[in-house]
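Residues per chain are reported as follows:
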There are 2 protein chains.
Amino acid sequence: MGRPEMSAEDNLLRLVEAEDGDENNYHLQDQVGFILRKAHQRHVSIFASHIGDLTPPQFAALAKLYDIGETSQNQLGTLIAMDAATVKGVIDRLKARGLVEVSKHEVDKRRLLVNLTPEGREAIERLIPLARAITEETLAPLTAKETATFLRLLAKLA
Amino acid sequence: MGRPEMSAEDNLLRLVEAEDGDENNYHLQDQVGFILRKAHQRHVSIFASHIGDLTPPQFAALAKLYDIGETSQNQLGTLIAMDAATVKGVIDRLKARGLVEVSKHEVDKRRLLVNLTPEGREAIERLIPLARAITEETLAPLTAKETATFLRLLAKLA
DNA sequence: CTGATATCATTTGCATACGAATGAATTTGA
DNA sequence: TCAAATTCATTCGTATGCAAATGATATCAG
């Protein structure tokens, strides 16, 4: 019995049984984008379980203002990786809660300066220890060595 | 700067602590959550540059349906990591474009079955090669060895 | 000096993403 | 068996996230 070519059944069997190589099948769950999205989801969930009254983007805005002090809304957006439309919404909500205040730039009238209020400063100082715990819990599945490797490689992709 | 002014004592404290790895300063840009968010943003941007008429979640839904065939909306959501409210919106939009069709489960009347249309099947078969290119471009900053390490560690976090 | 360009902020529209509440249908368990 | 619990889907509200268009202001080039 010769085997001049693979039958349709053989092809099906090969696809079903293949465990490595398997270059003809597309597995969503192995794609970096899909896993990245899930890892991000998990982190946001951990964040919410520790800090329920602030979102990660809101926290990022407060933390950066605490770090660098007053800056323009646009510059803040650049520093925390948000486009102009997104950062406006985040600042509007922080402003409504009295955690930041805005003022017009005296010289360049296009700019909107943003800064922490005393309440905002108090909030971020209180939350930073929780943020450390969030980072720790997010990275808990990795050993210390794996964490260092992971952060190094992740930074290369970001 | 965290404070409007800094005393000599504060500066001394900072210098002493700096020798110990600066553990009292919180740097947003070093936090895993922030970098994860940026890496995800970059991936979505790469995705959009290759596949302009479909979002990553929409692609995920089509790819999973192509992989497993007809399933319930809820089960599909579980497989592609979307809650019920989110998956409904995604399926509604794919349905409006004729890429999927829905039907009622004959036995369990709560379930909404979702399946690819011929157009949907054609679309996902056409797009999968592009998705491979997206994955490749996303991982381009890493060597092959780094990619393997990164995906292994990322999967542990997801 | 002035027209072209660039920057900053806002607005609109669309698409995730998720908590919470609701209703319909099914399954469980005493 | 039948009331309680669970599951599936939908809806509502809130919050990113980004593209595109717009208006105000600032900068640049000739």
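What this report covers is the structure whose coordinates are included nearby. (Residues numbered from 1 in each chain as written. Chains lettered and ligands numbered in written order. Predicted model: local features only at pLDDT ≥ 70, side-chain atom pairs only at ≥ 80, totals over all residues. Heavy atoms only, no water.)

**Focus on the relation of the copies chain B and chain A**
To be explicit about the condition: In this comparison the copies share one frame, found by least squares on the C-alpha atoms of residues holding pLDDT of at least 70 in both. Pairs of residues are marked as contacts when any of their non-hydrogen atoms sit within 4.5 Å.
Its rotation angle being 180°, the transformation that places chain B on chain A also includes 0.0 Å of axial translation and leaves an RMSD of 0.1 Å. Within this description, the copies of the chain are treated as partners about a two-fold rotation axis. If distances are taken from each C-alpha of chain B to the rotation axis, the shortest is found for F150 of chain B, at 3.1 Å. Taken as a fraction of all interface residues of chain B, those also at the interface in chain A reach 94%, which identifies the copy contact as same-surface.

**Focus on the packing of aromatic side chains**
Aromatic ring pairs: the centre-centre distance and the angle between the two ring planes describe each pair. Test applied: Working definition: a ring pair exists when centres of Phe, Tyr or Trp rings (six-membered ring for Trp) sit within 6.5 Å. Plane angles under 30 degrees give stacked, over 60 give edge-to-face, the rest tilted. The helix and strand labels rest on DSSP assignments: H or I over at least four residues marks a helix, E over at least two residues marks a strand, and numbering proceeds from the N terminus. Remark: exposure states derive from per-residue accessible area (1.4 Å probe, protein chains only) relative to the maximum for the residue type, with buried under 20%, exposed over 50%, and partly exposed in between.
A full pass over the atoms with the stated rule returns five aromatic pairs over all chains. Pairing F47 of chain A with F59 of chain A gives two aromatic rings, centres 5.9 Å apart and planes at 70°, and the pair type is edge-to-face. Taken together, the residues span a long stretch of sequence, with F47 of chain A in helix 2 (residues 32-50) and F59 of chain A in helix 3 (residues 56-68) at a distance of 12 residues. With respect to burial, F47 of chain A and F59 of chain A carry one shared label: buried. In this structure an aromatic cluster arises from ring pairing among Y26 of chain A together with F47 and F59 of chain B.

**Notes on the protein's contact with DNA strand C**
For clarity, the threshold we go by: We define proximity as follows: a residue is near a molecule or strand when any one of its heavy atoms falls within 4 Å of that partner. Nitrogen and oxygen atoms within 3.5 Å of one another constitute a polar contact, given that in protein one can donate a hydrogen and the other can accept it, and given that sequence-neighbouring residues count only through two side-chain atoms.
Around DNA strand C, the surrounding shell holds 23 residues, and the nearest of these are Q73, N74 and L112 of chain A together with T55 and R93 of chain B. Of what DNA strand C places within 4 Å of the protein, 77% of the atoms are sugar or phosphate. A distance of 2.7 Å is found between a phosphate oxygen of DNA strand C and a side-chain nitrogen or oxygen belonging to Q73 of chain A. In this structure, a phosphate oxygen belonging to DNA strand C sits 2.5 Å away from a side-chain N or O atom of T55 of chain B. Put simply, the parts of the chain that give the surface near DNA strand C at least two residues each are helix 2, helix 4 (73-79) and helix 5 (84-96) of chain A together with helix 3 (56-68) and helix 5 (84-96) of chain B. The dominant element in the surface near DNA strand C, judged by the number of residues it contributes, is helix 5 of chain B, at four residues.

**Description of the protein's contact with DNA strand D**
For DNA strand D, the set of nearby residues contains 23 residues, the closest of which are T55 and R93 of chain A together with N74, R110 and L112 of chain B. Q73 of chain B has a polar side-chain atom sitting 2.8 Å from a phosphate oxygen of DNA strand D. Residue R110 of chain B places a side-chain N or O atom 2.7 Å away from a base oxygen belonging to DNA strand D. Among the secondary structure elements, those contributing two or more residues to the surface near DNA strand D are helix 3 and helix 5 of chain A together with helix 2 (32-50), helix 4 (73-79) and helix 5 of chain B.

**Description of helix 2 of chain B**
For the record, the criterion: Working rule for helices: expected span equals 1.5 Å times residues minus one.
Between its first and last C-alpha atoms helix 2 of chain B spans 27 Å; for 19 residues at 1.5 Å apiece the expected length is 27 Å, and the two agree. Here helix 2 of chain B has its buried residues at V32, G33, F34, I35, L36, R37, A39, H40, H43, I46 and F47 of chain B.

**Quick look at the pattern of salt bridges**
To keep things clear, this is the line we draw: Salt bridge criterion: a side-chain nitrogen from Lys or Arg within 4 Å of a carboxyl oxygen from Asp or Glu.
If you walk through the whole model with that rule in mind, you get 16 salt bridges over all chains. Close ionic contact of D67 of chain B with K64 of chain B constitutes a salt bridge, the shortest N to O distance being 3.8 Å. On the criterion of helical spacing, the pair formed by D67 of chain B and K64 of chain B is a turn pair, its members being three residues apart in helix 3. The partly exposed category is assigned to D67 of chain B, whose relative accessible area is 38%. Judged by relative accessible area, which is 8%, K64 of chain B ranks as buried. For the salt bridge of D108 of chain B with R110 of chain B, the shortest nitrogen-to-oxygen distance reads 2.8 Å. Among the ionic contacts, a cluster of salt bridges with common partners joins K88, D92 and K95 of chain A.

**Description of the sheet that holds strand 2 (residues 100-104) of chain A**
Either a parallel or an antiparallel arrangement is found when strands of a sheet pair, and the pairing is made through backbone hydrogen bonds. Residue and element names in this part refer to chain A. Condition: Pairs of strands are assigned from DSSP output, requiring at least two bridges between the strands. Note on geometry: axes are lines fitted to C-alpha atoms, helical ones only across the stretch in contact, with angles between N-to-C directions running from 0 to 180 degrees.
Across the sheet, which stays open at both edges, the three strands sit in the order 1-3-2 with antiparallel pairing between neighbours. Pairing within the sheet leaves two strands with one partner each, and these edge strands are strand 1 (71-72) and strand 2. Against the sheet, helix 3 contacts strand 1, strand 2 and strand 3 (112-116), and its axis sits at roughly 90° relative to strand 3.

**What to know about the nonpolar core**
All names here are of chain A. Basically, it comes down to this: What is meant by a nonpolar core is a set of buried Ala, Val, Leu, Ile, Met, Phe, Trp, Tyr and Cys residues, joined one to another through side-chain atoms within 4.5 Å.
By size, the foremost hydrophobic cluster in this structure holds 32 residues, and its most contacted members are F59, I80 and L94. Broken down by secondary-structure element, the contributors of at least two residues to this core are helix 2, helix 3, helix 5, strand 3 and helix 6 (118-138). Take this core: its biggest share by element is seven residues, from helix 3. For L94, the residues in contact, after removing those within four places along its chain, are L54, Q58, A61, L62, L99 and V100.

**Digging into the side chain of Q73 of chain B**
Looking at the element boundaries, Q73 of chain B is found in helix 4. Apart from residues lying up to four places away in sequence, Q73 of chain B is in contact with V87, K88, I91, L112 and V114 of chain B.

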